[in-house]
Amino acid sequence: MVFKKQSIPNFFTIFRILLVPIIVVLLLMSSADIYHINFNGTTYSFSITNVIAALCFVLACLTDALDGYLARRNQWTSDFGRLWDPIADKLLINAILICFAFQGKIYVWIPIIMISRDVIVDALRMYTITQKHAKDISANIFGKMKTIFQMLAIMIILFIFNGNAQSLNYHLFQNMLMDLALCASIISGIIYVHKFLPTKNKLQN
């Protein structure tokens, strides 16, 4: 099989998908791996496995940015990338959000709403890809804002609040970013559905 440079973004997408189970296992192990350091009368808690998970997440974010940059700059687009790149992002983020909810770091209904929105949007995207004359429902600005807010909130939880499970009560900045991500998620989902409905009617006529 001949390697093609155009496939590099797709390899990055597959790499992000492979990172998902690794990060999940590390996060689930982090609650039993808490260390405490006293500095100037203040106790700081951290988890080594949590730090490793955070670094893996940063690596995943960097590959996401890189494959998007390469695809746009060199026109290395493909049906595989259009379908699986957003799915890889959602698998990564939603898996981490489920872990956070399980550990009590975010409210349970946050990943429930976000995952429900992603299932609907991905179903619409997969349907339109199979239609030759279907209208494009590529990512909108609110979908991109959702991803950015999610990534920032996750990084804050993993790095700044590393080892602290009771984040719901006092981590205002983290919760604000999650709330912004939730709002952007709902708005972008409504936009996707609105763009799809005329397409569906057109295909049926």
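Residues numbered from 1 in each chain as written. Predicted model: local features only at pLDDT ≥ 70, side-chain atom pairs only at ≥ 80, totals over all residues. Heavy atoms only, no water.

Novice: What am I meant to see in the overall build of the chain here?
Specialist: Broken down by element type, the chain carries 6 helices and 2 strands. Residues counted as buried form 42% of the 205 residues belonging to the chain. Within the chain, counting contacts between residues at least 6 apart in sequence, those at least 24 apart form 76% of the total. Carbon together with sulfur atoms contributes 70% to the accessible area of the chain, which is approximately 11,800 Å² in total. (Helix = DSSP H or I, 4+ residues; strand = E, 2+ residues; numbered from the N terminus. Buried < 20%, exposed > 50% of the residue type's maximum accessible area, 1.4 Å probe, protein only. Contact = heavy atoms within 4.5 Å. Areas by Shrake-Rupley, 256 points an atom, 1.4 Å probe, with all protein chains shown as cover.)

Novice: Looking at this model, I keep getting lost on the packing of helix 1 (residues 8-30) against helix 2 (residues 48-74). Mind explaining?
Specialist: Packed helix pairs are specified by the crossing angle of their axes together with the interaxial distance, meaning the distance between the axes. For the pair helix 1 and helix 2, interaxial distance at closest approach is 9 Å and the crossing angle is 165°. Relative to helix 2, the element helix 1 lies roughly antiparallel. Between helix 1 and helix 2 lies a crossing whose hand is left-handed. Counted by class, the contact of helix 1 with helix 2 contains 18 nonpolar, 5 polar and 3 charged residues. (Axes fitted to C-alpha atoms, helices over the stretch in contact; angles between N-to-C directions. Parallel < 35°, antiparallel > 145°, perpendicular 65-115°, else oblique. Left-handed = near helix turned anticlockwise from the far one by under 90°. Nonpolar A, V, L, I, M, F, W, Y, C, P; charged D, E, K, R; others polar.)

Novice: Could you clarify how one ought to interpret helix 1 in this entry?
Specialist: The terminal C-alpha atoms of helix 1 lie 33 Å apart, and with 23 residues this matches the ideal 33 Å at 1.5 Å per residue to within 8%. Along helix 1, the sharpest change in direction is near 25° and occurs at Val 20; proline Pro 21 comes one to four residues later. All of the buried residues in helix 1 are Pro 9, Asn 10, Thr 13, Arg 16, Leu 19, Val 20, Ile 23, Leu 26, Leu 27 and Ser 30. (Expected span 1.5 Å × (residues − 1). Bend = angle between axes of the 7 residues up to and from the residue.)

Novice: Can you help me understand the nonpolar core in this one?
Specialist: As a rule of thumb, soluble globular proteins bury nonpolar side chains together. With 33 residues, the main nonpolar core has Ile 23, Phe 57, Phe 100 and Ile 154 as its most contacted residues. When residues of this core are traced back to their parent elements, those giving at least two are helix 1, helix 2, helix 3 (79-102), helix 4 (109-129), helix 5 (141-160) and helix 6 (172-204). Non-local contacts of Ile 154, meaning those with residues more than four positions away in its chain, are made with Phe 57, Ile 93, Ile 96, Leu 97, Phe 100 and Met 178. (Core = buried A, V, L, I, M, F, W, Y, C linked by side-chain atoms within 4.5 Å.)

Novice: Would you mind showing me how to read the packing of helix 1 against helix 3 here?
Specialist: Between helix 1 and helix 3, whose axes approach to 9 Å, the crossing angle comes to 10°. When the interaxial angle is binned, helix 1 and helix 3 end up roughly parallel. Tallied by class, the residues present in the contact of helix 1 with helix 3 amount to 17 nonpolar, 3 polar and 3 charged.

Novice: Teacher, can you tell me more about the packing of aromatic side chains here?
Specialist: Aromatic ring pairs: the centre-centre distance and the angle between the two ring planes describe each pair. Applying the stated criterion across every chain yields a total of 1 aromatic pair. Between Tyr 107 and Trp 109 the ring centres are 5.7 Å apart and the planes differ by 10°, which places this aromatic pair in the stacked class. The exposure class assigned to Tyr 107 is partly exposed, which follows from its relative accessible area of 39%. (Phe/Tyr/Trp six-rings, centres within 6.5 Å; stacked < 30°, edge-to-face > 60°.)

Novice: Quick question: what am I supposed to make of the side chain of Arg 117 here?
Specialist: Mapped onto the secondary structure, Arg 117 falls in helix 4. Take Arg 117: its relative accessible area is 8%, and that puts it in the buried class. Within polar-contact distance, the side chain of Arg 117 engages the side chain of Asp 118 at 2.7 Å. A polar contact is formed between the side chain of Arg 117 and the side chain of Ser 188, at a distance of 2.7 Å. Not counting residues up to four positions away in its chain, the partners in contact with Arg 117 are Lys 90, Gly 143, Lys 146, Ser 185, Ser 188, Gly 189 and Tyr 192. (Polar contact = N/O pair within 3.5 Å; in protein donor to acceptor, adjacent residues only side chain to side chain.)

Novice: Just to check I follow, could you spell out a nonpolar patch on the surface for this structure?
Specialist: A cluster of nonpolar residues, Phe 11, Ile 14, Leu 18, Phe 80 and Trp 84, forms a patch on the protein surface that exposes about 460 Å² of accessible area. Broken down by secondary-structure element, the contributors of at least two residues to the nonpolar patch are helix 1 and helix 3. In terms of residue count, helix 1 provides more of the nonpolar patch than any other element does, 3 residues in total. (Patch = residues over 30% accessible without salt bridge, like charges linked within 9 Å, V, L, I, M, F, W, Y side chains within 5 Å. Salt bridge = Lys/Arg side-chain N within 4 Å of Asp/Glu carboxyl O.)

Novice: Just to check I follow, could you spell out the pattern of salt bridges for this structure?
Specialist: Considering all chains together, one arrives at 5 salt bridges under this definition. Between Arg 16 and Asp 85 there is a salt bridge, and its shortest N-O distance comes to 2.7 Å. Here Arg 16, found in helix 1, pairs with Asp 85, found in helix 3; they are 69 residues apart in sequence, far enough to count as distant. The closest approach of N and O atoms between Asp 89 and Arg 16, which form a salt bridge, is 3.1 Å.

Novice: Looking at this structure, I do not really get the side chain of Asp 118. What am I missing?
Specialist: With respect to the helices and strands, Asp 118 occurs in helix 4. With relative accessibility at 4%, the residue Asp 118 sits in the buried group. A distance of 2.8 Å separates polar atoms of two side chains, one belonging to Asp 118 and the other to Asn 94. Leaving out residues up to four positions away in the same chain, Asp 118 has contacts with Lys 90, Asn 94 and Lys 146.

Remember that the coordinates give geometry; whether it matters functionally is a separate question.
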